[in-house]
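# Analysis of the macromolecular model
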Amino acid sequence: MVVVLLGSTAFDGLSRTVFWQTGPGAANDIASGTLGLVVMIALVAGLYVLGARLSGRLAGQETRVQPRRYAGTVVPIALGYTVAHYFSLLVLDGQTTWILVSNPFGLAGVDLFGTFGNRVDLTAVSSDAIALVQVGAVVVGHVLGVTLAHERALLSARRARASDQLPLVLVMVLFTVGGLGLLFGF
């Protein structure tokens, strides 16, 4: 589930880039969007499984259980991506909820909370603040993910070495770089 969340959020970011809009997604049809979504989820899943299994092999452990063992360590990364991706939507478009809740059925003269006549304030949060929250959420999510993976490795192995964890850490760093790249539209 976490891999689907990561892959789908990554695809959502990818679909907003010039690369996607002028290349694979130029047709703007359901087929290319669906294929792109499936490919991104498969890419994230493949990289994660590969990194986890290589780490298990280096540690001399059963490689089939490694992806399951470290699945929880990807949750902070997924949460960081989610916050980064949807923060501005929550702050800006979320204002519409408070406006519409005063008159949920559009009845004339109804203004339950005195907010129905309000307009969405696009200056409620600056673009700099949005960028800081987005980058901070991605970085904090990844730092927590790597820290949890390290702690999990220490708990599950009798002889945990830093080099044993290198493949999984590299995958997480790749996710960080990829997430920041999509965030900045590269």
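The text that follows walks through the structure, step by step, so that each part is easy to find. Source: prediction; values computed, not measured. (Residues numbered from 1 in each chain as written. Predicted model: local features only at pLDDT ≥ 70, side-chain atom pairs only at ≥ 80, totals over all residues. Heavy atoms only, no water.)

## Topic: the overall build of the protein
This is how it is decided: To qualify as a helix, a DSSP run of H or I must reach at least 4 residues; to qualify as a strand, a run of E must reach at least 2; elements of each kind are numbered from the N terminus. What the globule rule says is 2.2 Å times the number of residues to the power 0.38, and the radius of gyration is computed from C-alpha atoms. The cut-offs for exposure are 20% and 50% of the maximum accessible area for each residue type, with area from a 1.4 Å probe on protein chains only; residues under the lower value are buried, those over the upper are exposed, and the others partly exposed. Only heavy atoms enter the contact rule, under which two residues are in contact if any of them lie within 4.5 Å. Residue burial considers only the protein chains on display, and all accessible areas are found by Shrake-Rupley using a 1.4 Å probe.
Summing up its helical and strand segments, the protein has eight helices and zero strands in all. The order of α-helices and β-strands along the protein, N terminus first, is α-α-α-α-α-α-α-α. Taken over C-alpha atoms, the radius of gyration comes to 21 Å for the protein, far larger than the 16 Å a tight globule of 186 residues would show. Along the longest, intermediate and shortest principal axes, the C-alpha atoms of the protein span 70 × 40 × 30 Å. The buried share among the 186 residues of the protein stands at 36%. Of all intrachain contacts in the protein linking residues separated by at least 6 positions in sequence, the fraction that spans at least 24 positions is 70%. When the accessible surface of the protein is summed, it comes to about 11100 Å², and 70% of that surface belongs to carbon and sulfur atoms.

## Description of helix 3 (residues 30–58)
So the rule is basically this: One less than the number of residues in a helix, times 1.5 Å, gives the span that helix is expected to have.
With 29 residues, helix 3 should cover 42 Å at 1.5 Å per step; its first-to-last C-alpha distance of 42 Å lies within 8% of that length. Among all positions in helix 3, only S32, G36, M40, I41, V44, Y48, G51, A52, S55 and G56 are buried. Positive phi shows up at G60, right after helix 3, with a value of about 75°.

## Comments concerning the packing of aromatic side chains
Applicable threshold: Here a pair means two rings of Phe, Tyr or Trp (six-membered ring of Trp) with centres within 6.5 Å. Their orientation is stacked below 30 degrees between planes, edge-to-face above 60, and tilted elsewhere.
Within the structure shown, the criterion is met by one aromatic pair. Taken together, a centroid distance of 5.2 Å and an interplanar angle of 90° make the contact between F11 and W20 edge-to-face. Side by side, F11 and W20 carry an identical accessibility label, which is buried.

## Quick look at the nonpolar core
Spelled out, the test is: Grouping buried Ala, Val, Leu, Ile, Met, Phe, Trp, Tyr and Cys residues that are joined through side-chain atoms within 4.5 Å yields what is termed a nonpolar core.
Grouped together as the largest cluster of nonpolar side chains are 21 residues, with contacts concentrated most on L6, Y48, Y70, Y81, L168 and F175. Counting only elements with at least two residues in this core, the list comes to helix 1 (2–14), helix 3, helix 5 (75–93), helix 7 (127–156) and helix 8 (166–183). Per element, the largest residue contribution to this core is five residues, and it comes from helix 8. Beyond its immediate sequence surroundings of up to four residues, Y48 is in contact with V3, Q66, P67, Y70, A71, V74, L168, V171 and F175. Judged by nonpolar contacts, the second largest core, of five residues, contains A10, F11, W20 and M40.

Take it as geometry only, folks, not as evidence of what the structure does.
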